[in-house]
Amino acid sequence: MAQFVFEADLHGLLKLDTPIPNAPPARWQRKAKESGGPGRSPASMSPMKPANRSHSCSKTPSRTPGKSGSKIQSTPTKAGGDRYIPNRSTMQMEMANFLLTKENDPAEESPTKKEQQKAWAVNLNGFDIEEAKILRLSGKPQNAPEGYQNNLKVLYSQKTPGSSKKNGRYIPSMPDRILDAPEIRNDYYLNLIDWSSQNFLAVALDNSVYLWNHTSGEIIQLLQMEQPDDYVSSVSWIKEGNYLAVGTSNAEVQLWDIQQQKRLRNMTSHSSRVGSLSWNSYILSSGARTGHIHHHDVRVAEHHVATLAGHTQEVCGLKWSLDGRHLASGGNDNLVNIWPCTQGDSGDFAPVQTFTQHQGAVKAVAWCPWQSNILATGGGTSDRHIRIWNVYSGACLNAVDAHSQVCSILWSTNYKEFISGHGFAQNQLVIWKYPTMAKVTELRGHTARVLNLTMSPDGATVASAAADETLRLWRCFEMDPIKKKEKEKANSAKSSFIHQGIR
């Protein structure tokens, strides 16, 4: 019998749905007893019956058992809390549902119909449907506490190099004017245009020289060669702009007075055509096909005062520096010579520098206007490179492959830039940034190779002569109006040099 009593007790202990004798009451029994009063018996209580749940609290209990304190955790109901929660009382739910579910009407409505629909919507709803908001956030954002600093402000307020606006000037891609240049000679070694300080553009067209007044547009035929087989091979203005030097194919150097439109003198010292000319005060330098350079003193009867022999082939590029201390010459022998303005100890002129890096004829030579020791040179078809030189040290400061024949180079007086004219295959003008040698832009329009470039007195316009028998004027160096007035005021204050008269 004892065995059966033991099994019955063990079976009673293993039953989970029977109350455990002498066990402490459960938590729900204690709460029901506290809320229901002493009249209710524990046997009539069950945790699954709704009557045992507290009707005084329909939300999360406000106090955790076993913890003391007066803090109550609840969802914030005051606007402007720690979160933005849409306030449904201010929502336009029907309008939101309409805006989300309506289909876009592909048909275009007339302005009159749209105005009628807007008026109807305002009268019916009290507001415009297009301006209705689907969600509305109640409350204003909280202000940051005093002394608070946002660590991300620097990250998102700094201007990155990619987002900063470039202060680049506008450069017209089309020429400002196109002039006809019939019968201009397609010869790489000649220098056929030049712009004077009095705003006259001299153009050599075969056996004639024409002057174009940029201010009035007037065209004057200055001269015509006497022999039909002769032609003009070079032109160059004196600094003051009242005299024009003309080199011819019959080895002459003529001097013309523009105001009187008459020839002052004819200087003969070369034995072949004169393809390049350059002025240095009253000294006129001329380069010939023989490779010789002659200095002419235009004040005296015996004008031929010096001969520079440093080239073995035709001198096609010739330019005095702005300070008058050096003369740069480029030839068909691929050489660039830098000559001093005075004779050496032996009484002869010898180049102070000779640059041999070019692999083609060097016609393009140009001195930097703001650095008297910087020279830019450009090579022909077999070279196609632009090189920057320091004539004092003889160092090549920079070189860039232009990918085409370099016919002419001009430095800008308004910007730290220079422009180059090219031949096959694009026949374009290229503006380069100095000293980075970055390409600013390309100016295209010529249908044949560019032969020469020259610049207007104000430095704003570049004239290009090409083998397509056109002259194109490009306003590529236009100055800011304020800076232009300041420059004109500074130039007007300077007194011009007084030169002796030409005999």
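Nothing here was measured: the structure is a model prediction, and the numbers come from that model.

This paragraph deals with the overall build of the protein. If you tally the helices and strands in the protein, you get six helices and 28 strands. For the protein, the proportion of its 503 residues judged to be buried stands at 40%. Taking all contacts inside the protein whose residues are at least 6 apart in sequence as the whole, residues at least 24 apart take part in 47%. Summed over its atoms, the accessible surface of the protein is roughly 31,100 Å², and 51% of this surface lies on carbon and sulfur atoms.

In this section: the side chain of asparagine 213. Here asparagine 213 is to be found in strand E4 (residues 208-213). Looking at asparagine 213, its side chain comes within polar contact range of the side chain of serine 216, at 3.2 Å. Residue contacts for asparagine 213: discarding those within four places in its chain leaves Asn199, Phe200 and Glu218.

A word on the nonpolar core. Formed by 32 residues in total, the largest nonpolar core has its most connected members in Val209, Leu211, Leu222, Leu223, Val232, Leu244 and Val246. Broken down by secondary-structure element, the contributors of at least two residues to this core are strand E2 (193-195), strand E3 (200-205), E4, strand E5 (219-224), strand E6 (232-237), strand E7 (243-248), strand E27 (462-466) and strand E28 (470-474). Considering every element that reaches this core, the biggest residue donor is E3, with six residues. Not counting residues within four places of it along the chain, the set of residues in contact with leucine 211 comprises Phe200, Leu201, Ala202, Glu218, Ile219, Ile220, Leu222, Trp237, Leu244 and Ile258. Ala364, Ala376, Ala402 and Trp432 belong to the second-largest nonpolar core, a separate cluster that totals 17 residues.

So, about the pairing of strand E18 (residues 362-367). Where burial is concerned, most of E18 is hidden: six out of the six residues are buried. Inspection of the sheet shows E18 paired to strand E19 (residues 374-379) by five bridges, in the antiparallel sense. Note on E19: the bridge partner recorded for valine 362 is glycine 379. Following E18, the chain reverses through six residues before pairing antiparallel with E19.

Now for the UniProt feature "repeat: WD" (unreviewed entry) in the protein. According to UniProt, the feature "repeat: WD" (unreviewed entry) maps to residues 225-266, 308-339 and 443-474 in the numbering used here. The span residues 308-339 is 0% helix and 56% strand, and its two end C-alpha atoms sit 8 Å from each other. Span residues 443-474 is 0% helix and 53% strand, its end C-alpha atoms 8 Å apart.

Thresholds applied
- The residue count restarts for each chain, going from 1 along the sequence in the order it is written.
- Where local features are concerned, this predicted model is filtered to residues with pLDDT of at least 70; where side-chain atom pairs are given and counted, the filter is 80 or more; whole-chain, interface and lining totals use all residues.
- Hydrogen atoms and water are omitted, and side-chain values are computed over all heavy atoms in the structure.
- In DSSP terms, a helix is any run of H or I states spanning at least four residues, a strand is any run of E spanning at least two, and both are numbered starting from the N terminus.
- Burial classification: accessible surface area is computed with a 1.4 Å probe over protein chains only, and a residue below 20% of its type maximum counts as buried, one above 50% as exposed, and the rest as partly exposed.
- Residues are treated as being in contact if the distance between any of their heavy atoms lies within 4.5 Å.
- Note on areas: these come from Shrake-Rupley sampling with a 1.4 Å probe, and a residue is covered only by the protein chains present in the view.
- As used in this structure description, the phrase polar contact means that two N or O atoms lie within 3.5 Å; if the pair is within protein, one of them must be able to donate a hydrogen and the other to accept it, and residues adjacent in sequence are counted only when both atoms belong to side chains.
- Take the buried residues of types Ala, Val, Leu, Ile, Met, Phe, Trp, Tyr and Cys, join any two whose side-chain atoms come within 4.5 Å, and each joined set is a nonpolar core.
- Pairs of strands are assigned from DSSP output, requiring at least two bridges between the strands.
- UniProt positions are given in the numbering used here, feature names are shortened, and annotations may be inferred rather than shown by experiment.

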